[in-house]
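# Structural features, examined
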Amino acid sequence: MERRALIATAAGAVALGALAPAPAKARTERGEGPLTTFNVISDIQGDLGDLATALDDMHATNPYSSGLAVAGDITPRGYDAEYAEVRRVLDRGPRPREIAWAVGNHEFYVPKWADPGTLAQATWPNGATEDSLFRSFHRFAQRGTVYAETTFAGIPVLTIGTERYMHYHDPKLWDEVWLSEAQFRWLADRLAHWTRRRRPVMVITHHPLPDTVSGTRNKLYMSDYLQADHLLSLLGRHRDVFLFSGHTHWDLGLSDWYVRRVVPGTGNLDGFSVVNTGAVQTGYTDNGQGGENAVGGAFNQGLQVEVHRDRVVLKARDFATGTWLKQVTVPLSTRI
């Protein structure tokens with residue numbers, strides 16, 4: 001079972017238009033600025049106050065953002081009322097132009113509850129069906145599949161995620177990620193499509209892949225994917241893929257918040273980019289003993305991404321203090 005499973009108790013449409021440059025006001029004075037900018041957050045988990053703070057900060061620092069990607073754990077448990085609360089915060093504004101939603105493990109926690117006020121893990125699944133959990137996510141995300149494609153001003157954004165909540169299928173498993181062959185074929189096709197068109201591809205997923213960003217060499221996060229090698233082999237072929245993952249809540253102040261992951265056998269010796277998304281709700285860091293400790297004080301972090309013709313600039317942001325934590329510039333293998 002995922003180690004914070006008790007935390008509650010303590011698009012389909014594809015936009016294939018031409019690449020749209022950022023508005024004139026957003027371009028730099030010394031020449032060509034970013035073609036577009038967008039934001040990435042994850043792990044809201046019911047922290048609606050911090051979500052509102054993050055939305056305000058993103059609007060202030062990136063008013064011409066072309067979109068927001070949310071890397072899962074939209075809700076604390078997956079109740080329809082919890083999705084509705086997130087929607088109400090968005091509707092109050094400022095609302096991002098486009099939103100790409102990825103599914104997280106907390107979207108599947110309704111079966112641990114007899115009702116919203118009564119934890120009942122001993123009687124899991126308490127009448128909740130697996131299909132009902134996916135239907136709730138699909139209604140909220142306004143699409144019929146977990147995986148989907150959209151574009152942020154012409155930059156492709158692919159969301160991927162589990163198509164099974166594994167405890168329904170194997171009593172020894174809980175939050176592990178399972179992807180169908182259909183999803184793998186779709187992902188391979190879209191990566192190849194956009195590579196031929198010389199576009200960097202942004203892939204949004206909740207769970208991190210092993211041996212990538214912060215926390216993924218910790219025993220807590222080494223086995224999140226049941227088909228990790230298959231997914232790595234697809235992503236590892238493409239130099240201009242950027243994989244954004246959440247789930248760990250690990251602090252963006254850590255040195256391995258961004259890495260290049262080389263996958264042997266793919267023929268790509270430069271690897272692909274992997275980026276930790278931080279978290280809106282509660283931060284963690286390594287405790288030095290194979291576990292983790294909560295970060296003290298206010299914690300509310302995410303990313304701003306600038307896409308230029310020849311590079312992508314990744315900026316880590318502390319929404320709570322309104323400050324930049326760090327940034328990295330990643331050259332693209334081909335000019336857009």
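Structure: above.
Cut-off values and rules
- Residues numbered from 1 in each chain as written.
- Predicted model: local features only at pLDDT ≥ 70, side-chain atom pairs only at ≥ 80, totals over all residues.
- Heavy atoms only, no water.
- Axes fitted to C-alpha atoms, helices over the stretch in contact; angles between N-to-C directions.
- Helix = DSSP H or I, 4+ residues; strand = E, 2+ residues; numbered from the N terminus.
- Parallel < 35°, antiparallel > 145°, perpendicular 65-115°, else oblique.
- Left-handed = near helix turned anticlockwise from the far one by under 90°.
- Contact = heavy atoms within 4.5 Å.
- Buried < 20%, exposed > 50% of the residue type's maximum accessible area, 1.4 Å probe, protein only.
- Pairing = 2+ DSSP bridges.
- Right-handed = clockwise from strand over helix to strand, strands pointing away.
- Salt bridge = Lys/Arg side-chain N within 4 Å of Asp/Glu carboxyl O.
- Phe/Tyr/Trp six-rings, centres within 6.5 Å; stacked < 30°, edge-to-face > 60°.
- 1 Å grid on protein atoms, 1.4 Å probe; cavity = no way out; pocket = protein on both sides within 12 Å on 5 of 7 lines; lining within 4 Å.
- Points joined across faces, edges and corners; volume = space filled by probe spheres on them.
- Nonpolar A, V, L, I, M, F, W, Y, C, P; charged D, E, K, R; others polar.

For the rest of this paragraph, the subject is the packing of helix 1 (residues 48-61) against helix 2 (residues 80-92). Closest axis-to-axis distance for the helix 1/helix 2 pair is 10 Å, and the angle between their directions is 30°. As summarised for this structure, helix 1 and helix 2 are arranged roughly parallel, according to the angle between their axes. Pair helix 1 / helix 2 crosses with right-handed handedness. On the side of helix 1, the interface is formed by Leu-48, Leu-51, Ala-52 and Leu-55, while helix 2 contributes Glu-85, Val-86, Val-89 and Leu-90.

Our next topic: the pairing of strand 9 (residues 241-245). Judged by how many residues are buried, strand 9 sits mostly within the fold: five of five residues are covered. The alternating pattern of strand 9 places Val-241, Leu-243 and Ser-245 on one face and Phe-242 and Phe-244 on the opposite face, and all of these are buried. Here strand 8 (residues 201-205) runs beside strand 9; their pairing, made up of five bridges, is parallel. The partner of Thr-205 across the bridge, within strand 9, is Ser-245. Note that the unit made of strand 8, helix 5 (residues 228-235) and strand 9 has a crossover that is right-handed.

Attention shifts here to the pattern of salt bridges. Taken as a whole and assessed by the stated rule, the structure comprises twelve salt bridges. Between Asp-170 and Lys-172 there is a salt bridge; the shortest N-O distance is 3.3 Å. Given a relative accessible area of 68%, Lys-172 falls into the exposed group. Taken together, the shared-partner salt bridges connect Glu-149, Asp-189 and Arg-190 into one network.

Taken as a whole and judged by the stated rule, the model has nine aromatic pairs. Judged by centre distance (5.2 Å) and plane angle (15°), the ring pair of Phe-108 and Tyr-165 falls under stacked. Taken together, the residues Phe-108 in the loop between strand 3 (99-102) and strand 4 (113-115) and Tyr-165 in the loop between strand 7 (155-159) and helix 4 (181-196) connect sequence positions 57 residues apart. Looking at Phe-108, the relative accessible area reads 2%, which means it is buried. Judged by centre distance (5.9 Å) and plane angle (75°), the rings of Trp-124 and Trp-174 are edge-to-face.

Volume-wise, the largest cavity comes out at about 50 Å³. Taken together, Val-103, Gly-104, Asn-105, Phe-108, Gly-161, Thr-162, Val-177, Thr-205, His-206, His-207 and Tyr-225 make up the lining of the largest cavity. Taken together, the residues of the lining of the largest cavity break down into four nonpolar, seven polar and no charged.

Taken together, the six strands give an open sheet; going across it, the order is 3-2-1-14-15-16, and neighbouring strands pair in mixed fashion. Two strands in the sheet have a free side with no partner beyond their single neighbour: strand 3 and strand 16 (323-331). Adjacent strand axes in the sheet meet at a mean angle of 20°, parallel and antiparallel pairs treated alike. By the bridge criterion, five bridges tie strand 1 (residues 36-41) to strand 14 (residues 301-307) in an arrangement that is antiparallel. Residue Thr-37 lies in a different strand from strand 14, and its bridge partner there is Glu-306.

Moving on: unusual backbone geometry. Put simply, Gly-93 and Pro-94 share a cis peptide bond, and its omega is -5°. Mapped onto the secondary structure, Pro-94 falls in the loop between helix 2 and strand 3. Of note, the amide linkage connecting Trp-124 to Pro-125 takes the cis form, showing an omega dihedral of 10°. Looking at the secondary structure, you find Pro-125 in the loop between strand 5 (118-119) and helix 3 (130-141). At Ala-153, a residue that is not glycine, the phi angle is positive and equals roughly 50°. Along the chain, Ala-153 turns up in the loop between strand 6 (148-152) and strand 7. Its identity is not glycine, yet Asp-211 carries a phi of approximately 55°, on the positive side. Checked against the element boundaries, Asp-211 lands in the loop between strand 8 and helix 5.

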